[in-house]
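Coordinate analysis (summary)
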Amino acid sequence: APVDTATPPDTDTSVPATDDDRDGYSEDDGDCDDADRRVNPGAAERCGNAVDENCDGVAEDCPEPDTGVMQFMFIADMTVCEDSTYVQGHFGYEFLSVRDGSSLCAVMGELEYEGAAPRGCPDCDWSFDLSAIQNSAAGGTYCDQVGIADGYLDGYIDYSWGFAETYYYDYGGTPIPFENTVLLYTDYWFPFSFNYGGRDWVEGDSYYWASTRPVISGGEYVYYYYYR
């Protein structure tokens, strides 16, 4: 019968005899398991192939990531003449530092006039049918971390818009006055951004306004972690 000449695993001499766990690293070299050496998630992406060769809990030449939190916001502005003629408008996204409120990334594009809006804009000073976003431009140090680039919003947010300096929201039969309310029309008119009860999301008046409003999902504001 043929003789098995393969070296049994327990007597493998291809690694140093002091390599007790047979991972290819001897204790003299600072032996530790692969799982132990990969102490920083994402280290390979951030710091090449840096690993913790000496098992001291720190990947060589790779500091622990300095993470921050950014809040996801809608941003918009619009200019309208006193005779309710549309001049210009913009819409986009912005990511703000929770720590100091600074802008980390923003993308905004133009809204073009397309005609009259559907009837029935509640309490509105004016309303227009506007185009989807065009020529969106991005800027900010951390745009790459949220996948934002020039043209990111082109072709999106194709709505009619309205504005009411005072809009009465029907809360179970009780009218609640919202100030400086920006309304959008999809299949119906709804308040998109407004000032009420500490939510001061709109600055200006019916001739010029600017809005910064949190993005809300599932009833909660939306946040992202990022590497500083």
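Residues numbered from 1 in each chain as written. Predicted model: local features only at pLDDT ≥ 70, side-chain atom pairs only at ≥ 80, totals over all residues. Heavy atoms only, no water.

Although it is not a glycine, Ser-84 adopts a positive phi angle of roughly 65°. Examined against the element boundaries, Ser-84 turns out to sit in the loop between strand 1 (67-80) and strand 2 (86-97). Of note, the phi angle at Ile-157 is positive, near 60°, even though the residue is not glycine. Among the structural elements, Ile-157 can be located in the loop between strand 6 (134-139) and strand 7 (160-171). (Helix = DSSP H or I, 4+ residues; strand = E, 2+ residues; numbered from the N terminus.)

Time to look at the side chain of Ser-211. Relative to the helices and strands, Ser-211 resides in strand 12 (residues 208-214). Judged by its relative accessible area of 4%, Ser-211 is buried. Of the polar contacts made by the side chain of Ser-211, one reaches the backbone oxygen of Trp-201; its length is 3.2 Å. Not counting the four nearest positions on each side in its chain, Ser-211 is found in contact with Phe-74, Ile-75, Ala-76, Ser-193, Trp-201 and Val-202. (Buried < 20%, exposed > 50% of the residue type's maximum accessible area, 1.4 Å probe, protein only. Polar contact = N/O pair within 3.5 Å; in protein donor to acceptor, adjacent residues only side chain to side chain. Contact = heavy atoms within 4.5 Å.)

Our focus in this paragraph is the pairing of strand 5 (residues 126-130). In the case of a regular strand, side chains alternate between the two sheet surfaces. Across the two faces of strand 5 the burial differs, with Trp-126, Phe-128 and Leu-130 buried and Ser-127 and Asp-129 not buried at all. With two bridges connecting them, strand 4 (residues 113-115) and strand 5 associate as antiparallel partners. Along strand 5, the bridge assignment pairs Gly-115 with Asp-129. Across four bridges, strand 5 lies against strand 7 in antiparallel orientation. Pairing of Ser-127 across the sheet is with Gly-162, part of strand 7. (Pairing = 2+ DSSP bridges.)

Our focus in this paragraph is the packing of aromatic side chains. Taken as a whole and assessed by the stated rule, the structure comprises 25 aromatic pairs. Aromatic side chains Tyr-86 and Tyr-113 sit 6.2 Å apart centroid to centroid with 25° between the ring planes, which places their arrangement in the stacked category. Taken together, the residues Tyr-86 in strand 2 and Tyr-113 in strand 4 connect sequence positions 27 residues apart. Ring centres 5.2 Å apart and planes at 10° place the aromatic pair Tyr-169 and Phe-178 in the stacked group. We classify Tyr-169 as partly exposed; its relative accessible area is 32%. Above the ring of Phe-192, the side-chain terminus of Arg-213 is found at 4.8 Å from the ring centroid. (Phe/Tyr/Trp six-rings, centres within 6.5 Å; stacked < 30°, edge-to-face > 60°. Lys NZ or Arg CZ within 6 Å of the ring centre and 35° of its normal.)

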